[in-house]
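Spelled out from the first residue to the last, the chains are:
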Number of protein chains: 4
Amino acid sequence: MKKNFCIPGGDLRQLQVARKLTEQGYGVSLFGFSDYASDFHNVRLCDTLQEAFADADYVILPLPCSTDGVHLNAPYRKNPVSLKELYSYITPQMTVFAGKFSSPALSERGVTIKDYFLREELQVLNAIPTAEGALQVAMQECPFTLHSSRCLIVGYGRIGKVLARMLNNLDANVCVAARKRADLAWIRAAGCLPISIREIGERIAGFDIVFNTVPAMVIGKEEFKKARKDTLFIDLASKPGGIDFEEAKICGINAIWLLSLPGKVAPLTAGEIIAETILNIIENQAAGTAEESERTNP
Amino acid sequence: MKKNFCIPGGDLRQLQVARKLTEQGYGVSLFGFSDYASDFHNVRLCDTLQEAFADADYVILPLPCSTDGVHLNAPYRKNPVSLKELYSYITPQMTVFAGKFSSPALSERGVTIKDYFLREELQVLNAIPTAEGALQVAMQECPFTLHSSRCLIVGYGRIGKVLARMLNNLDANVCVAARKRADLAWIRAAGCLPISIREIGERIAGFDIVFNTVPAMVIGKEEFKKARKDTLFIDLASKPGGIDFEEAKICGINAIWLLSLPGKVAPLTAGEIIAETILNIIENQAAGTAEESERTNP
Amino acid sequence: MKKNFCIPGGDLRQLQVARKLTEQGYGVSLFGFSDYASDFHNVRLCDTLQEAFADADYVILPLPCSTDGVHLNAPYRKNPVSLKELYSYITPQMTVFAGKFSSPALSERGVTIKDYFLREELQVLNAIPTAEGALQVAMQECPFTLHSSRCLIVGYGRIGKVLARMLNNLDANVCVAARKRADLAWIRAAGCLPISIREIGERIAGFDIVFNTVPAMVIGKEEFKKARKDTLFIDLASKPGGIDFEEAKICGINAIWLLSLPGKVAPLTAGEIIAETILNIIENQAAGTAEESERTNP
Amino acid sequence: MKKNFCIPGGDLRQLQVARKLTEQGYGVSLFGFSDYASDFHNVRLCDTLQEAFADADYVILPLPCSTDGVHLNAPYRKNPVSLKELYSYITPQMTVFAGKFSSPALSERGVTIKDYFLREELQVLNAIPTAEGALQVAMQECPFTLHSSRCLIVGYGRIGKVLARMLNNLDANVCVAARKRADLAWIRAAGCLPISIREIGERIAGFDIVFNTVPAMVIGKEEFKKARKDTLFIDLASKPGGIDFEEAKICGINAIWLLSLPGKVAPLTAGEIIAETILNIIENQAAGTAEESERTNP
């Protein structure tokens, strides 16, 4: 028999998670969306946490779970709900799915918490909306087309790979800076021009747009000194980021830090990815396979 | 000896035209941009029309030349200038380049007017910023990624071809509706799915985004009745367009008409295309080749 | 009620035509293939022309219909059949489909002959196997990969367009030479480097492979004098071709003329294209639409 | 001061290695090619090993070094040379570069041996000629175009990734079978259809071409039983391969094992990759960086 999910709070992503789970035949109780999901089939819209958690086997917490550390992140609900109250409904019989989340309180009570955000397949699939979001912002900011523009991507991890492919496919001239020789080989195989991270400074004036994906300072004072004033800089790296924004400001250069793009630019796609990842975790659990090797390295 | 251009009024496109022409060694006088082009090399910034038209061999009018039919379109100038005054400086010895423009007054005085907007190469190159602009708006409006989305493009002319290629390269599932069998063959050769214009209605519910490029009513009451409420409709066709916006509104469907995208989303690219086209016309004139066959059919 | 086709002689293409027509519900009689089509469902294998032509509404002649002008082109049949005998079975009630074919004898007797080879959609679709065949030969002949190779394509008609796209997609550096400015614009839109036909000579030494698609002498003595000895030349133009093979030989340069590639490198695909084109003609006839405009200009 | 290389024996790859090294300013002595490299600039053609090894700092052995275990692999030389004689010229002062090579005799004498074939960047770059070679053979063997064909690639390692991209870019319908969920995510990001390795059997009848890249039996009796007779199977996996060729023969199915493609289909490209990798190793040595992490895992 298919199990029941309780989804308290969250944004459009959680709604899409609910939709995907019901399509797979799971029972889903939503809390905190009353008016927004009235056209959903087979979803139970609940006004109280008690109702929402009745019969729940799995709980999916929003991303982030809380924005103030005290209340549940539930932008579509008027009255705030405290995390404390929420947690009181979670029992050790339930499995909690959450992203970038830990709760000593829950762990101590023996509740199993699965962080779907650490799964490699989620990180890979999230690179798609992230890269598209970067394209969107670049298109909005630039008075020229990406077609024929000269772009530098710093780093060839997940986002770098997907972004390089998209820009290349839109006929930008794509250069990718990486450190390892194997990455430089992959960049060439992908039809882009590989350069060493060390060459960024001397070449930076030749680019119209620079995208950073490396979470370590790679574009700083030295680079901005040599850069053109009309080059756009976009940082896609998670904190601490890789662009010195203070320095960009001083130089009068447009530099933008884009964080958590999937939920912002494509919440439905982001929700589908989360749903799929959670189902993978459940399937692995059932099969008794940990797939440890698939976890993302921090 | 290289000739002199006078460029009165206009927006960023005209500035880029000026930059490109000076790069080619032409003399350029700008009127209506005083503060905005102060960092341009080799461009003469003029405060008066008299100064701007001195020594002019060629005149490039903005696009459009006027927004009210009375004054020059000069958004970067404070004090308005009448077309009448402007025209008084144009002599039969000058060649006037303009887009979507005709002036009986000038023609009667024997002034040669060249409409660069009718040139096929300009129309083709303009399809690139137009298609990118369509992608940008689609990305902004849709809560999902273009990657894996199901897109329909109606029409396989210049914009349809370029847009289909871009969407296909971004891994959208691209279907293109056309009438002629040869076009259906080209669509297949381009890796997209061809359908007949007649099939649009029966298939429309299967698409997440519908782009129209045909300037004749193709998406009307019948189609909207069968469409999903969450499908985005984007009309890229010039007037009269091809989507019934009234009907879309009644059905509560998001439909957007995007006109004159190149100048809006990529004025620098649009300016380069104009400069290049004008230089082609001059080169053809010098060579005595009309290239009549290259003119766009209205 | 669906009609009956008689398919006398021909190669694998005709077999594939037969298969596609039976899939569409048509009756098909094959003559000249006895052993080769024994596993075909719903196809009538005939030993005599009389049997094959019984009940025939349509006749599909092979391409070419005859290789000696006297006998039917039937490579899979032992005993030769004269065209004269074949024609005696064709009545004015039948419609004859053939490629690059004319027969005053049949026309005088009032038989309708449809040349499918003149249809634009067939020519477009045939560009796909032609371009793939060119890639295959280039791969066989070159001791280097197409990836990163420098290729010149002369001409941007059907084959030039499809070949440029394929080479570009395989990460070759693709340059296309054309005459018209609109074509140069399309080449740029396709992500390739456009050059003027006039520049071929001065640039030819920079290419590893040169593909010609223009049926007029474009690569002759002057070009070969400037070319490298290790550049491969492939001519895809129909007669009279566009490469001076005598001159290539004198210069010790490898030049290959590839004709009628679809039937040679991809007979099944070529057969499907023929079947589809014939069905289009029949559909047009039924609808009373001539689609004159879709005919290829000779 | 630039160092000297001695290159004894080998095929076109070694010639290309020599050319690239001289372009970088290194001294190069070739042994075993007398007539074939007469047009090379700055290469010393040697008739004796003694001459070739004089002043040598580096030695590059052919791939494979020997085909019989006794003599040097030197196809362009008439008189055989024993490995024993060859080795007698190698001193501990020299560094030996070789591929898939070990020699206790040399190691015991204190000679440093660097296996360039273990370097990750070489393996990645070699995937390009390997994938192109696979395309070439598929084109030769199939009576249909890759365009629109249905292809399955088993495995998403280096070759799988590059091949999937090429086939996708040629408009084949590309399905890739992999085991790990992260790989399935990457396959989707690349615009291909991911399936589980477990699904191969049930889906195999839907493919026109199956490429295996996994060096473990994945296509055996069970799969061939369900496969169509006209599907082409190509094995690109190194020994022991992943296709049961005996079983294919019994079923009358065309299955081809392609090994060591880079040297066969694109020796010049393969040579360039080897030269580049050797220069990387030398540069790393000079910089004192082991780049251990870049070594291929066996």
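Every value quoted in this text rests on a predicted model; they were computed, and no experiment measured them.

Engineer: For this particular structure, what's the right way to read the overall build of chain A?
Structural biologist: What chain A contains, in helices and strands, is twelve helices and twelve strands. Here the C-alpha coordinates of chain A stretch approximately 60 × 40 × 35 Å along the principal axes. Expressed as a percentage of its 298 residues, the buried residues of chain A come to 53%. Counted over contacts in chain A with a minimum sequence separation of 6, partners at least 24 positions apart contribute 53%.

Engineer: Looking at this model, I keep getting lost on the interface of chain B and chain A. Mind explaining?
Structural biologist: Accessible area lost on assembly of the parts is the figure often given for the size of an interface. Counting from both sides, the interface comprises 20 residues of chain B and, opposite them, 20 residues of chain A. Elements that contribute at least two residues to the side of chain B that touches chain A include exactly helix 5 (120-141), helix 6 (158-169) and helix 12 (267-287) of chain B. No other element matches the six residues that helix 5 of chain B contributes to the side of chain B that touches chain A. Of the residues contributing to the side of chain B that touches chain A, the split by class is 13 nonpolar, six polar and one charged.

Engineer: Looking at this structure, how should I read the confidence of the model for chain A?
Structural biologist: Detailed conclusions should not be drawn from predicted coordinates in areas where pLDDT is low. All names here are of chain A. When pLDDT is averaged along chain A, the result is 94; 95% of the residues meet or exceed 70. Within the model, the stretch residues 292-298 combines pLDDT values under 50 with 13 contacts to residues more than four positions away or in other chains. Two numbers describe this predicted complex: its pTM, 0.95, and its ipTM, 0.94.

Engineer: I keep staring at the interface of chain D and chain C and nothing clicks. Help me out?
Structural biologist: Between chain D and chain C, the contact holds 20 residues from the first and 20 residues from the second. Of all the secondary structure elements, the ones that give two or more residues to the side of chain D that touches chain C are helix 5 (120-141), helix 6 (158-169) and helix 12 (267-287) of chain D.

Engineer: Even after reading the chapter, I still don't get the sheet that holds strand 3 (residues 43-46) of chain D, so can you show me in this structure?
Structural biologist: Sheets are built from strands paired through backbone hydrogen bonds, the pairs being either parallel or antiparallel. Residue and element names in this part refer to chain D. The six strands are arranged 3-2-1-4-5-6 in an open sheet whose pairing can be described as parallel. On the outer flanks of this sheet lie strand 3 and strand 6 (112-115), each paired with one strand and no other. Looking at each pair of strands side by side, their axes are set apart by 25° on average, direction ignored. Relative to strand 3, strand 2 (residues 27-31) runs parallel, the two being bridged by four bridges. Within strand 3, the position partnered with serine 29 by the bridge is arginine 44.

Engineer: Please clarify how the packing of helix 5 (residues 120-141) of chain A against helix 7 (residues 181-189) of chain D should be interpreted in this entry.
Structural biologist: Two quantities define a packed helix pair, namely the angle between the helix axes and the distance between the axes. Relative to each other, helix 5 of chain A and helix 7 of chain D sit at 10°, their axes nearing to 8 Å. Judged by the inter-axis angle, helix 5 of chain A sits roughly parallel to helix 7 of chain D. Listed contacts from helix 7 of chain D to Glu120(A), Glu121(A), Val124(A), Leu125(A), Ala127(A) and Ile128(A) of helix 5 of chain A are Arg181(D), Ala182(D), Leu184(D), Ala185(D), Trp186(D) and Ala189(D). Taken together, the residues of the contact of helix 5 of chain A with helix 7 of chain D break down into nine nonpolar, no polar and three charged.

Engineer: Whenever I open this one, the relation of the copies chain D and chain C confuses me. Can you help?
Structural biologist: Related by rotation about an axis and a shift along that axis, the two copies of the chain form a pair. Superposition record for chain D on chain C: RMSD 0.1 Å, screw rotation 180°, translation along axis 0.0 Å. Both copies of the chain, as the preceding transformation shows, are related through a two-fold rotation axis. Of the residues that chain D buries at the interface, 100% are likewise interface residues in chain C, meaning the two copies contact each other through the same surface.

Engineer: Before we go on, may I ask you to explain the relation of the copies chain B and chain A in this structure?
Structural biologist: You can overlay chain B on chain A at an RMSD of 0.0 Å; the transform is a turn of 180° with a shift of 0.0 Å along its axis. A share of 100% of interface residues in chain B that are also interface residues in chain A marks the association as one of identical surfaces.

Engineer: So what exactly am I meant to see when it comes to helix 12 of chain B here?
Structural biologist: At 3.6 residues per turn, the α-helix brings residues three or four places apart onto the same side. Residues and elements named next belong to chain B. For helix 12, which comprises 21 residues, the first-to-last C-alpha distance of 30 Å matches the rise-based estimate of 30 Å (1.5 Å per residue) to within 8%. Listed in full, the buried residues belonging to helix 12 are Pro267, Leu268, Thr269, Ala270, Gly271, Glu272, Ile273, Ile274, Ala275, Thr277 and Ile278. Those residues of helix 12 that are buried lie in contact with helix 1 (12-23), strand 4 (58-60), strand 5 (95-98), helix 5 and helix 11 (261-265). Of the residues trailing helix 12, glycine 288 is marked for its positive phi of about 70°.

Engineer: Please clarify how unusual backbone geometry should be interpreted in this entry.
Structural biologist: Negative phi characterises most residues that are not glycine, and trans characterises most peptide bonds. Put simply, Lys239(C) and Pro240(C) share a cis peptide bond, and its omega is 10°. Following Leu63(D), the chain continues to Pro64(D) via a peptide bond in cis, the omega torsion being -5°. Even without a glycine there, the phi angle at Asp171(B) is positive, about 70°. Here Asp171(B) lies in the loop between helix 6 and strand 8 (173-178).

Engineer: I tried to follow the environment of Ile209(A) on my own but got confused; where do I start?
Structural biologist: Residues and elements named next belong to chain A. When you line up the elements, isoleucine 209 lands in strand 10 (residues 209-212). For isoleucine 209 and glutamine 285, which are 76 residues apart along the polypeptide, the C-alpha to C-alpha distance reads 44 Å. Once you skip the residues sitting within four places of it in the chain, isoleucine 209 turns out to touch Ala138, Cys142, Ser149, Cys151, Thr231, Leu232 and Ile234.

Engineer: What exactly am I supposed to notice about the domain arrangement of chain A here?
Structural biologist: All names here are of chain A. In terms of domain boundaries, chain A breaks down into domain 1 (4-118 + 266-294) and domain 2 (126-262). Here the C-alpha centre of domain 2 lies 35 Å away from the C-alpha centre of domain 1. Listed per partner, the contact involves four residues of domain 1 and four residues of domain 2. Taken together, the residues of the side of domain 1 that touches domain 2 sort by class into three nonpolar, one polar and no charged.

Engineer: For this particular structure, what's the right way to read the sheet that holds strand 11 (residues 232-235) of chain A?
Structural biologist: Residues and elements named next belong to chain A. If you walk across this open sheet you meet the six strands as 9-8-7-10-11-12, and the pairing is parallel. Every other strand in the sheet has two partners, leaving strand 9 (193-196) and strand 12 (255-257) as the edge strands with one partner each. Each adjacent strand pair in this sheet contributes to an overall mean axis angle of 20°, direction not counted. Bridge count for strand 10 against strand 11 is four bridges, and the pairing is parallel. Note that in strand 11 the partner of asparagine 212 across the bridge is aspartate 235. Here helix 5 sits on the sheet and contacts strand 10, strand 11 and strand 12; the angle it forms with strand 11, its principal contact strand, is near 155°. Against the sheet, helix 6 (residues 158-169) contacts strand 7 (150-154), strand 8 (173-178) and strand 10, and its axis sits at roughly 160° relative to strand 8.

Engineer: So what exactly am I meant to see when it comes to the environment of Met1(B) here?
Structural biologist: Residues and elements named next belong to chain B. Considering the arrangement of structural elements, one finds methionine 1 in the segment before strand 1 (4-8). For methionine 1, a count of 5 C-beta atoms within 10 Å translates into the label exposed. Here the alpha-carbon distance between methionine 1 and glycine 25, two residues 24 residues apart in the chain, equals 9.6 Å.

Engineer: Please clarify how the pairing of strand 5 (residues 95-98) of chain A should be interpreted in this entry.
Structural biologist: Every regular strand shows the same layout, with side chains that alternate between the two sheet faces. Residues and elements named next belong to chain A. The two faces of strand 5 match: Thr95 and Phe97 on one face and Val96 and Ala98 on the other face are all buried. Where strand 5 and strand 6 (residues 112-115) come together, four bridges link them in parallel fashion. The partner of alanine 98 across the bridge, within strand 6, is aspartate 115.

Engineer: Would you take a moment to explain the pairing of strand 7 of chain A for this structure?
Structural biologist: All names here are of chain A. Extensive coverage of strand 7 is indicated by the burial of four of its five residues. Bridge count between strand 7 and strand 8: five bridges; the pairing is parallel. From the neighbouring strand, isoleucine 153 faces strand 8, where its bridge partner is valine 176. Examined bridge by bridge, strand 7 and strand 10 share four bridges and lie parallel to one another.

Engineer: Help me understand the environment of Leu83(B), please; the structure alone is not making it clear to me.
Structural biologist: Residue and element names in this part refer to chain B. Its place among the elements puts leucine 83 in helix 3 (residues 83-88). Taking the C-beta count within 10 Å as the criterion, leucine 83 has 19 such neighbours and is therefore assigned partly exposed. Sequence separation between leucine 83 and glutamine 140 is 57 residues; the distance between their C-alpha atoms is 38 Å. Leaving out residues up to four positions away in the same chain, leucine 83 has contacts with Ser66, Val70, His71 and Leu72.

Engineer: Whenever I open this one, the packing of helix 5 of chain A against helix 12 (residues 267-287) of chain A confuses me. Can you help?
Structural biologist: Residues and elements named next belong to chain A. The geometry of helix 5 relative to helix 12 is characterised by a closest axis approach of 10 Å and an angle of 170° between their N-to-C directions. With respect to each other, helix 5 and helix 12 are oriented roughly antiparallel. Residues Glu121, Leu122, Leu125, Asn126 and Pro129 of helix 5 form the contact with helix 12, whose participating residues are Thr269, Ala270, Ile273, Thr277 and Asn280. When grouped by side-chain class, the residues that make up the contact of helix 5 with helix 12 number five nonpolar, four polar and one charged.

Engineer: Explain helix 1 (residues 12-23) of chain D here, please?
Structural biologist: Across its twelve residues, helix 1 of chain D extends 17 Å between first and last C-alpha, which sits within 8% of the 16 Å expected from 1.5 Å per residue. One or two steps after helix 1 of chain D, the chain reaches Gly25(D), where phi turns positive at roughly 95°.

Rules of the game
- Residues numbered from 1 in each chain as written.
- Chains lettered and ligands numbered in written order.
- Predicted model: local features only at pLDDT ≥ 70, side-chain atom pairs only at ≥ 80, totals over all residues.
- Helix = DSSP H or I, 4+ residues; strand = E, 2+ residues; numbered from the N terminus.
- Buried ≥ 20, exposed ≤ 12 C-beta atoms within 10 Å, placed from the backbone.
- Contact = placed C-beta atoms within 7 Å.
- Nonpolar A, V, L, I, M, F, W, Y, C, P; charged D, E, K, R; others polar.
- pLDDT = per-residue confidence, 0-100.
- Pairing = 2+ DSSP bridges.
- Axes fitted to C-alpha atoms, helices over the stretch in contact; angles between N-to-C directions.
- Parallel < 35°, antiparallel > 145°, perpendicular 65-115°, else oblique.
- Least-squares fit on C-alpha atoms with pLDDT ≥ 70 in both.
- Expected span 1.5 Å × (residues − 1).
- Domains from an automatic or database assignment.

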